[in-house]
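As a plain string of letters, each chain reads:
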Amino acid sequence: MNEELHNIVSHDEVDTKHSGAVNIPIYQNSLFAFENYESFELAMKDVLAATVYSRGNNPTVQYLESKIAELEAAEQARCFASGMAAIAGSLHALLRSGDHVICVNQAYGPTRQFLDELSDRYRVEVTYVDGCLLSDFEEALRPNTRLIYLESPTSGLFQLQDLEGVAALAKREGILTMIDSSWATPCFQRPLTWGIDLVLHSMTKYFSGHSDCLGGVVAGRADLIGEIANKGYMLFGGVMTPHTASLMIRGLRTLPVRMERHQKSGLIIAEHMEKHPVVNQVNHPGLPSHPQHALARKQLDGYGSLFSFETQLPVESLKKWADALRYFRIGVSWGGFESLVTVGQTPAKRNLAGNNPSVARLYIGLEDPNTLIEDIEQAWRQVIKA
Ligand SMILES: *Cc1c(COP(=O)(O)O)cnc(C)c1O
């Protein structure tokens, strides 16, 4: 990790406007009043820059946005009420009827659902590609391709896309690129430095870090963020509240420190799972066995602690195993302090016998990794005995 990131989240100038408060106050208000009509009219001419109404600008949210822009090496950032509000608002703002989008087929389910809605209702054309090869994107190009949507790594099978390669291809063709980078956070991946136009996060995950609020963000060039702010942000109105922003700022202070521990614990447990006789494959880009490990080492500065492993066991056995775990809670989402597990079938793959392997997704929280390994082992003993 770039050590500079620790400074960005920890250091500010003395805030003389707020008696030297080290944290920006929560501006708990919907509107901002003006001294005279002239200054009001001036502000109304540029509501995206001025502080007029909180479905636009709010100083607490703006502080958070400026920090994220700095972390992502972006000109600007906009925070939304959730990751999906950021994704849907951005896609809606940038796409028009008749445009074509290329999206990775392992993208977050609701993102695909939203693109399918745009396709059904507004004649936006969508092509889903595997995305592991640059040629997947080249072959899908059409004259009306407007946007390439990436998610790297994906959050089920942890497949990567070549960010530098896709960005160069898109630039040559005059196409926008957008990436969901929630897994890596800016601590471990800075897509704009590889030439990607816009980076998105579900801040609900690692940014918040405490499983207590929802949020999303998009960051990139000022002209693109301006377009998103004018349309998908202002008109859908799914903005982040100042209170949520203050929780996110609290999370942000420790993001790099937490990510270092998540990375370490995640790798310890992924390596442990790889040795397990019932495990066929562990999907973690940090393992040398990952088919795209070389690409991971190039474009990632570290690894998130969410990964999956595949087995030949029936899903029912994996559910029993999940029930037997004490430290891993059963639940969706990830990015908080607590370890989590979900199990299922991987529809995207088939084994030699023609069956879909069963898959478990583990999220490694902040607990002692040795305790988590003991937990995993005691749960296996219960399932294998049964
Ligand atoms: C959770 C998630 C989202 C959606 O974020 P919300 O804050 O739940 O709306 C988007 N992308 C990925 C990869 C996610 O895990």
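- The protein chain is annotated in an unreviewed UniProt entry as Cystathionine beta-lyase from Paenibacillus glycanilyticus.
- According to UniProt, the comment filed for the protein chain under the heading Cofactor (unreviewed entry) is "pyridoxal 5'-phosphate".
- The UniProt entry for the protein chain carries the following comment under Sequence similarities (unreviewed entry): "Belongs to the trans-sulfuration enzymes family."

1. What to know about the overall build of the protein chain
Phase 1: Helix and strand content of the protein chain: 14 helices and twelve strands.
Phase 2: The C-alpha radius of gyration of the protein chain comes to 22 Å, within 12% of the 21 Å expected for a compact globule of 386 residues.
Phase 3: By principal-axis analysis of the C-alpha atoms, the protein chain measures approximately 75 × 55 × 35 Å.
Phase 4: Of all 386 residues assigned to the protein chain, the portion counted as buried reaches 55%.
Phase 5: Put simply, 72% of the contacts in the protein chain that link residues at least 6 apart link residues at least 24 apart.
Phase 6: Summed over its atoms, the accessible surface of the protein chain is roughly 17,200 Å², and 52% of this surface lies on carbon and sulfur atoms.
Phase 7: Considering the protein chain, the positive charge centre built from 34 side chains and the negative charge centre built from 44 side chains are found 4 Å apart.

2. Things to note about the site of the ligand
Phase 1: Close to the ligand lie 13 residues; Gly83, Met84, Asp180, Thr204 and Lys205 are nearest.
Phase 2: Between an oxygen atom of the ligand and a main-chain N or O atom of Gly83, the distance comes to 2.8 Å.
Phase 3: The contact in question runs from an oxygen atom of the ligand to an N or O atom on the side chain of Thr204, over 2.6 Å.
Phase 4: With three residues, the top contributor of residues to the shell around the ligand is helix α4 (residues 83-94).

3. Examining the sheet that holds strand β5 (residues 176-180)
Phase 1: The strand order across the open sheet built from seven strands is β1-β7-β6-β5-β4-β2-β3, with neighbouring strands paired in mixed fashion. In the strand order of this sheet, the two ends are held by β1 (76-80) and β3 (125-129), each with one partner. The sheet shows a mean angle of 20° between the axes of neighbouring strands, direction not considered.
Phase 2: Pairing of β5 with strand β6 (residues 198-202) involves three bridges; the strand directions are parallel. Residue pairing for β6: Asp180 is matched across the bridge by Leu200.
Phase 3: Running at roughly 150° to β6, α4 makes contact with β1, β4 (145-151), β5, β6 and β7 (216-220) of the sheet.

4. Topic: the side chain of Thr111
Phase 1: Residue placement: Thr111 occurs in helix α5 (residues 109-122).
Phase 2: In this structure Thr111 touches Met84, Ile87 and Tyr149, once residues within four positions along its chain are discounted.

5. Quick notes on helix α7 (residues 163-173)
Phase 1: Among all positions of α7, only Leu163, Gly165, Val166, Ala167, Leu169 and Ala170 are buried.
Phase 2: The backbone nitrogen of Glu164 lies 3.3 Å from a side-chain oxygen of the residue at the head of α7, namely Asp162.
Phase 3: Gly174, located one to two residues past α7, shows a positive phi value of around 70°.

6. Some thoughts on the sheet that holds strand β10 (residues 329-330)
Phase 1: Read across the open sheet, the five strands follow the order β8-β9-β12-β11-β10; overall the sheet is mixed. With one partner strand each, in any of the chains shown, β8 (279-283) and β10 form the two edges of the open sheet.
Phase 2: Packing against the sheet, helix α11 (residues 255-274) makes contact with β8, β9 (306-311) and β12 (358-363), and its axis sits at approximately 5° to β9.
Phase 3: Along the sheet, helix α13 (residues 315-324) makes contact with β9, β10, β11 (340-345) and β12, crossing β11 at roughly 170°.

7. A few points about the state of the cysteines
In a disulfide, the sulfur atoms of two cysteines are held together by a covalent bond.
Phase 1: All chains considered together, the criterion is met by zero disulfides.
Phase 2: With no disulfide partner, Cys132 has as its closest neighbouring cysteine sulfur the one in Cys103, 14 Å distant.
Phase 3: Judged by its relative accessible area of 27%, Cys132 falls in the partly exposed class.
Phase 4: Here Cys187 stays unpaired: no disulfide links it, and the sulfur of Cys79, its closest cysteine neighbor, is 15 Å away.

8. With respect to the pattern of salt bridges
Phase 1: Under the defined criterion, the tally for this structure stands at ten salt bridges.
Phase 2: Where Glu227 meets Lys231, a salt bridge forms, and the shortest distance between an N and an O atom there is 3.8 Å. Of this pair, Glu227 and Lys231 both sit in helix α9 (residues 222-233), four residues apart, roughly one helical turn.
Phase 3: For Lys231, a relative accessible area of 32% puts it in the partly exposed group.
Phase 4: Because the salt bridges share partners, they merge into one network encompassing Asp12, Lys67 and Arg253.

9. Quick look at unusual backbone geometry
Phase 1: Residue Pro153 is bonded to the preceding Ser152 through a cis peptide linkage, with omega at -10°.
Phase 2: Here Pro153 shows up in the loop between β4 and α7.
Phase 3: Even without being glycine, Phe158 reaches a positive phi, approximately 60°.
Phase 4: On the secondary structure map, Phe158 appears in the loop between β4 and α7.
Phase 5: Even without being glycine, Ser211 reaches a positive phi, approximately 50°.
Phase 6: In this fold, Ser211 is placed in the loop between β6 and β7.
Phase 7: Look at Ser211 and you get partly exposed, because its relative accessible area is 43%.

Conventions adopted
Residues numbered from 1 in each chain as written. Predicted model: local features only at pLDDT ≥ 70, side-chain atom pairs only at ≥ 80, totals over all residues. Heavy atoms only, no water. UniProt positions renumbered as here; feature names shortened; annotations may be inferred. Helix = DSSP H or I, 4+ residues; strand = E, 2+ residues; numbered from the N terminus. Rg over C-alpha atoms; globule rule 2.2 N^0.38 Å. Buried < 20%, exposed > 50% of the residue type's maximum accessible area, 1.4 Å probe, protein only. Contact = heavy atoms within 4.5 Å. Areas by Shrake-Rupley, 256 points an atom, 1.4 Å probe, with all protein chains shown as cover. Lys, Arg positive; Asp, Glu negative; His and termini not counted. Charge placed at Lys NZ, Arg CZ, Asp CG, Glu CD. Near = heavy atom within 4 Å. Polar contact = N/O pair within 3.5 Å; in protein donor to acceptor, adjacent residues only side chain to side chain. Pairing = 2+ DSSP bridges. Axes fitted to C-alpha atoms, helices over the stretch in contact; angles between N-to-C directions. Disulfide = S-S within 2.5 Å. Salt bridge = Lys/Arg side-chain N within 4 Å of Asp/Glu carboxyl O.

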